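# Structure assessment
The chain contents come next:
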Amino acid sequence: MPTGRVFTTGQIAALARKRLPRAIFDFVEGGAGSEAAVARNRARFEQIALMPQALRDCSAAHSEVTIFGRRYAAPFGVAPMGFADLVRPGTDRALAAAAKAQNIPYVLSTAATTSIETIAAIAQDNLWFQLYPGSDEATAASLMERALKAGVTTLVATIDIPVPGKRPRDLVNGLAIPLRPSLRTVLDVAMHPAWGLRALFGERLGMANFVENKGSLSGLAHAEFVSRQLSSAGLDWKRLERIRQAWPHHLVIKGILNPQDAVMAERIGADGIVVSNHGGRQLDSAPSSIEVLPAIREACGDRLTLILDSGVRSGDDIARSLASGADFVLLGRPFLFAVAALGLARGPDAIIDILRAEFLNTLIHLGCADPTELGRDHLWPENQISLRQGSNR
Ligand SMILES: Cc1cc2nc3c(=O)[nH]c(=O)nc-3n(C[C@H](O)[C@H](O)[C@H](O)COP(=O)(O)O)c2cc1C
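A short tour of the structure in this document, coming up. Just so it is clear, the structure is predicted and the values come from calculations on it, not from any experiment.

So, on to the pattern of salt bridges. When charged atoms on two side chains of opposite charge get close, those side chains can pair. If you walk through the whole model with that rule in mind, you get 20 salt bridges. The residue Arg71 makes a salt bridge to Glu64 at a minimum N-O spacing of 3.2 Å. Salt-bridge contacts for Glu117 lead to Arg146; the nearest nitrogen and oxygen are separated by 2.8 Å. Within this pair, whereas Glu117 is found in helix H5 (residues 116–123), its partner Arg146 is found in helix H6 (residues 137–149), the two being separated by 29 residues in sequence. On the basis of relative accessible area, Glu117 is assigned to the partly exposed category, the value being 37%.

Let us now look at the side chain of Thr9. By the element assignment, Thr9 lies in helix H1 (residues 9–19). At 2.7 Å, the side chain of Thr9 forms a polar contact with the backbone oxygen of Arg313. The residues touching Thr9, leaving out its near neighbours within four places in the chain, are Arg313, Pro334, Ile351 and Leu355.

As a further point, take the packing of H6 against helix H12 (residues 237–246). Relative orientation of the contacting elements H6 and H12 amounts to 30 degrees, with a least axis distance of 11 Å. In terms of orientation, H6 lies roughly parallel with respect to H12. As for how H6 packs across H12, the hand of that crossing is right-handed. Residues Glu137, Ala140 and Met144 of H6 touch H12, and the partners they reach there are Arg239, Arg242, Ile243 and Ala246. Here the contact of H6 with H12 is composed, by residue class, of four nonpolar, no polar and three charged.

Around the ligand there are 22 residues in total, and Pro80, Ser109, Thr158, Asp309 and Arg313 lie nearest to it. For the ligand, an oxygen atom lies 2.7 Å from a polar atom in the backbone of Pro80. Within the side chain of His278, one N or O atom sits 3.4 Å away from a nitrogen atom of the ligand. Protein contacts shield 97% of the accessible area of the ligand, which totals 600 Å² for the unbound molecule.

For the peptide bond that leads from Trp380 to Pro381, omega is 10 degrees, which places it in the cis range. Within the secondary structure layout, Pro381 lies in the loop between strand S12 (379–380) and helix H17 (384–388). Within the chain, Phe68 stands out as a residue other than glycine whose phi angle is a positive 50 degrees. For Phe68, the position within the fold is in the loop between strand S2 (65–67) and strand S3 (70–72). According to the relative accessible area criterion, Phe68 is buried, its value standing at 14%.

It is worth spelling out the pairing of strand S9 (residues 272–275) at this point. Across the two faces of S9 the burial is the same, with Gly272 and Val274 and Ile273 and Val275 all buried. With four bridges joining them, strand S8 (residues 250–256) and S9 adopt parallel strand pairing. The residue of S9 that forms the bridge with Lys254 is Val274. Regarding topology, helix H13 (residues 259–267) serves as the crossover connection from S8 to the parallel S9, and that connection is right-handed. One ladder, built from four bridges, connects S9 with strand S10 (residues 305–308); its direction is parallel. Directly across from Gly272, in S10, lies its bridge partner Thr305. Each parallel crossover has a hand, and for S9 linked through helix H14 (residues 289–300) to S10 it is right-handed.

What follows concerns the side chain of Ser63. With respect to the helices and strands, Ser63 occurs in the loop between strand S1 (49–50) and S2. Of the polar contacts made by the side chain of Ser63, one reaches the backbone oxygen of Ala73; its length is 2.7 Å. The contact partners of Ser63, leaving out residues within four places of it in the chain, are Ala73, Ala74, Pro75, Arg356, Phe359, Leu360 and Pro371.

This brings us to a nonpolar patch on the surface. On the surface, Leu183, Val186 and Leu187 cluster together into a nonpolar patch covering about 310 Å² of accessible area. Relative to the helices and strands, Val186 is located in helix H8 (residues 183–190).

Bringing the packing of aromatic side chains into the picture now. Counted under the stated rule, the structure contains five aromatic pairs. One aromatic cluster in this structure is built from Phe68, Tyr72, Trp128 and Phe328. Between Arg281 and the ring centre of Phe27, over which it is positioned, the NZ or CZ distance is 5.4 Å.

Looking now at the pairing of S8. Among the seven residues in S8, six count as buried, and that is most of the element. Strand direction decides the pairing type here: strand S7 (residues 154–158) and S8, joined by five bridges, are parallel. Its bridge partner being in S8, Ala157 is matched across the sheet by Ile253.

The rules we used
- Residues numbered from 1 in each chain as written.
- Predicted model: local features only at pLDDT ≥ 70, side-chain atom pairs only at ≥ 80, totals over all residues.
- Heavy atoms only, no water.
- Salt bridge = Lys/Arg side-chain N within 4 Å of Asp/Glu carboxyl O.
- Helix = DSSP H or I, 4+ residues; strand = E, 2+ residues; numbered from the N terminus.
- Buried < 20%, exposed > 50% of the residue type's maximum accessible area, 1.4 Å probe, protein only.
- Polar contact = N/O pair within 3.5 Å; in protein donor to acceptor, adjacent residues only side chain to side chain.
- Contact = heavy atoms within 4.5 Å.
- Axes fitted to C-alpha atoms, helices over the stretch in contact; angles between N-to-C directions.
- Parallel < 35°, antiparallel > 145°, perpendicular 65-115°, else oblique.
- Left-handed = near helix turned anticlockwise from the far one by under 90°.
- Nonpolar A, V, L, I, M, F, W, Y, C, P; charged D, E, K, R; others polar.
- Near = heavy atom within 4 Å.
- Areas by Shrake-Rupley, 256 points an atom, 1.4 Å probe, with all protein chains shown as cover.
- Pairing = 2+ DSSP bridges.
- Right-handed = clockwise from strand over helix to strand, strands pointing away.
- Patch = residues over 30% accessible without salt bridge, like charges linked within 9 Å, V, L, I, M, F, W, Y side chains within 5 Å.
- Phe/Tyr/Trp six-rings, centres within 6.5 Å; stacked < 30°, edge-to-face > 60°.
- Lys NZ or Arg CZ within 6 Å of the ring centre and 35° of its normal.

Set out below in structure tokens:
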């Protein structure tokens, strides 16, 4: 497929599959276990029908939304993704630059191979920082301090890794710690020389946000330290409460599916949550975010800002999420595939353009001029009730 002729995230993913060594494509695309949660994320979105409404003046329709006191160009942002530069050196930076230019949030992962300071200089006030609180409170405190100094005002604490997800594709490819690439993986890299050369001659990837701890530890001990720090094992709500007290700006808790956990997040004073099953990468039998979202909205009312991720692939999915109770969404894999398929210079802007244009198109079909007009009335068949009652928003 020529790169000028991609119009959807599906086409971009198909092109990325050709461009990347199999192990890297699998690392990004793969999920936990049988990948039932990954499939469920898509299936549940596709089951939601949105009811159009005709002859409403949408000539001034726009995609802008306000979240955490800040106006953004569209109701979506880039989800935090560790090791994004495996796709191509410079991926974190290119995505951050496009997010800034097009005014959407860029969430930098604790596990990124680019430092908070480097990305803050690029994304500026469009940067959110994702924290794995981890077992070592001093390390978490130092990451928060660095984020604060870099001007971050939205901190996203991820809590859905009590144990690492079991991802069979990575195990087969030998893409796990310690790294033991299979022969097939080595041969496959040889078949993708452009990727191989960039990996060989580009900058060495390292855990850029853990430099402080590195000096005192051996290589393996450092890797073990980092992997403990990326886990939420041993954390409890008291710990999250201490993070709440220490962080002076907006706090978002990422990785919630259970309405009771959403209520707890609200109780400890979080400003928002990310309703997420980690893109199906953790618990294979987890429900999809989109199916639990209405129950979470019901449990929290308007007191929490609800951000949804996992399986969002189109403007329709963004509208489905907002109509089902979300204020905002994040996407993960599509951004990495855009870089793989279209390159650093074109990929990030192209994917943002595609998603924003699709979302606006859907919004207008639904008879809305502003994203905040989306609501349960747009969900079919749920809107039958209000139609019968003669509601005419
Ligand atoms: C390659 C990859 C790395 C990820 N790394 C992180 C991470 O470091 N921190 C985190 O909170 N979530 C991480 N996630 C999960 C994403 O933030 C997000 O929840 C998920 O990708 C959303 O699903 P989607 O990819 O279907 O859009 C990662 C996801 C992928 C695909």
